[in-house]
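So the chains spell out like this:
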Amino acid sequence: SPSSDVMLGWGFMKLFSASIAPFKVDPSKFDMSEKDAITQVEGIFLFSLVWSVGCSVDGEGRQRIDAFMKECCAGTVPVPYNEEGERGTHHIASPYPKEHSIYAVFFDTEKAKWSTWLISREPFEKSLQPHEIIVPTVDTTRYTYIFDTFCQNATLTHELNRMAILLCGPTGTGKTVYINNHCLNGLKSDKFNIITLGFSAQTSAMQTQDIIESKLD
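The rules behind the values
Residues numbered from 1 in each chain as written. Predicted model: local features only at pLDDT ≥ 70, side-chain atom pairs only at ≥ 80, totals over all residues. Heavy atoms only, no water. Phe/Tyr/Trp six-rings, centres within 6.5 Å; stacked < 30°, edge-to-face > 60°. Helix = DSSP H or I, 4+ residues; strand = E, 2+ residues; numbered from the N terminus. Buried < 20%, exposed > 50% of the residue type's maximum accessible area, 1.4 Å probe, protein only. Lys NZ or Arg CZ within 6 Å of the ring centre and 35° of its normal. Axes fitted to C-alpha atoms, helices over the stretch in contact; angles between N-to-C directions. Parallel < 35°, antiparallel > 145°, perpendicular 65-115°, else oblique. Left-handed = near helix turned anticlockwise from the far one by under 90°. Contact = heavy atoms within 4.5 Å. Nonpolar A, V, L, I, M, F, W, Y, C, P; charged D, E, K, R; others polar. Expected span 1.5 Å × (residues − 1). Arc of directions from axis to C-beta. Patch = residues over 30% accessible without salt bridge, like charges linked within 9 Å, V, L, I, M, F, W, Y side chains within 5 Å. Areas by Shrake-Rupley, 256 points an atom, 1.4 Å probe, with all protein chains shown as cover. Salt bridge = Lys/Arg side-chain N within 4 Å of Asp/Glu carboxyl O. pLDDT = per-residue confidence, 0-100.

1. Things to note about the packing of aromatic side chains
What the rule picks out here adds up to 13 aromatic pairs. Ring geometry for F47 and Y145: centres 5.9 Å apart, planes at 90 degrees, overall edge-to-face. Pair noted here: F47 is in helix α2 (residues 34-50) and Y145 is in helix α4 (residues 138-153), with a separation of 98 residues, a long-range link. For the pair W51 and Y103, a centre-to-centre distance of 5.6 Å together with 90 degrees between the ring planes defines the contact as edge-to-face. With a gap of 52 residues between them, W51 in the loop between α2 and α3 (59-73) and Y103 in the loop between α3 and β1 (105-108) connect regions that are remote in the sequence. For W51, a relative accessible area of 10% gives the class buried. Among the aromatic side chains, those forming a connected cluster through ring pairs are F47, F106, W117 and Y145. One residue, K14, lies across the ring of W10, its end atom 4.3 Å from the ring centre.

2. Digging into the packing of helix α1 (residues 5-20) against α2
The description of two helices packed together rests on the angle between their axes and the distance between the axes. Relative orientation of the contacting elements α1 and α2 amounts to 140 degrees, with a least axis distance of 9 Å. Considering the angle they form, α1 stands oblique to α2. For the pair α1 and α2, the sense of crossing is right-handed. Only V41, I44, F45, F47, S48 and L49 of α2 make contact with α1, whose side of the interface consists of F12, L15, F16, S19 and I20. Here the contact of α1 with α2 is built from residues that sort into nine nonpolar, two polar and no charged.

3. As for α3
With 15 residues, α3 extends 21 Å from end C-alpha to end C-alpha; this agrees with the ideal 21 Å at 1.5 Å per step. Every buried residue belonging to α3 is among G61, D66, M69 and C73, and all of these are buried. Down the axis, α3 shows its buried residues gathered within 140 degrees of arc, on one side only. Along α3, the residues that are exposed and aim more than 90 degrees away from the buried face are E60, Q63 and R64. Looking at the buried residues of α3, the elements they touch are α2. Residue G75 follows α3 closely and has a positive phi angle near 90 degrees.

4. So, a nonpolar patch on the surface
A surface patch of nonpolar side chains, amounting to about 520 Å² of accessible area, comprises I195, L197, F199, I211, I212 and L216. Looking at where I212 falls in the secondary structure, it is placed in helix α6 (residues 205-214).

5. Some remarks on the packing of α4 against helix α5 (residues 175-186)
One way to put it is that α4 packs onto α5 with a least axis distance of 10 Å and a crossing angle of 60 degrees. In terms of axis orientation, α4 runs oblique to α5. Judged by the sense of rotation from one axis to the other, the crossing of α4 with α5 is right-handed. Each of D139, T140, Y143, T144, F147 and D148 in α4 lies in contact with α5, whose residues at this interface are Y178, I179, H182, C183 and G186. Considering only residue class, the contact of α4 with α5 consists of five nonpolar, four polar and two charged.

6. As for the confidence of the model for the protein
When the pLDDT values of the protein are averaged, the result is 82; 89% of them are 70 or greater. Between the elements of the protein, mean pLDDT differs from a low of 81, seen in α5, to a high of 93, seen in β1.

7. Some words on the pattern of salt bridges
Using the criterion set out here, one finds two salt bridges in the structure. With its nearest N and O atoms 3.5 Å apart, the salt bridge here joins K70 to D66. Taken together, the residues span about one helical turn, with K70 and D66 both in helix α3 at a distance of four residues. Among the residues examined, D66 registers a relative accessible area of 14% and is labelled buried. Here D139 ties to R142 by a salt bridge, and the two come within 2.7 Å at their closest N and O atoms. Of this pair, D139 and R142 both sit in helix α4, three residues apart, roughly one helical turn. Assessed through its relative accessible area of 9%, R142 is described here as buried.

Structure representation (structure tokens):
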């Protein structure tokens, strides 16, 4: 079914808020120039737009979103969308790179420019069993990056509430592996406590409550 426009907008605001969190400091300690700050905000905005509004599509949809977004950034909004509202005159300092798909890049806030996803080439530990090895790919890298951004920075009504994340896709594509690997190896144990729940048709509300409460003792 089509994605809800409201939820797409909410997803964008969640990711944008989580990505912009490192810049939320006391104004007296903010030493970035206005030009650099605008570049950062625009880059984070465009990246958040891709992985919220533009992420709930298939392969063909990604190609269409990629072309549409790049045209919009260039100021040549396609028909019939160019007939809606008034044309702006704002120039985007760091638009999407033309040579790569918008899904193949991320905005590197340290360098203030777009970069391709970097795949780790570190050797595997010899103690790992074959089923424990996760071969780094573009998918594992970018989904882990987004997952970590939410875990570290995203909040709801106050600092104790973290954003909910749903990783969806066909069976056997590594969703559970990505999440378990990052929860167990990517998050600091002194800051995060992991509760793993396995649901089936027989799982009751009381069983779920018992599992959660057992971790709080």
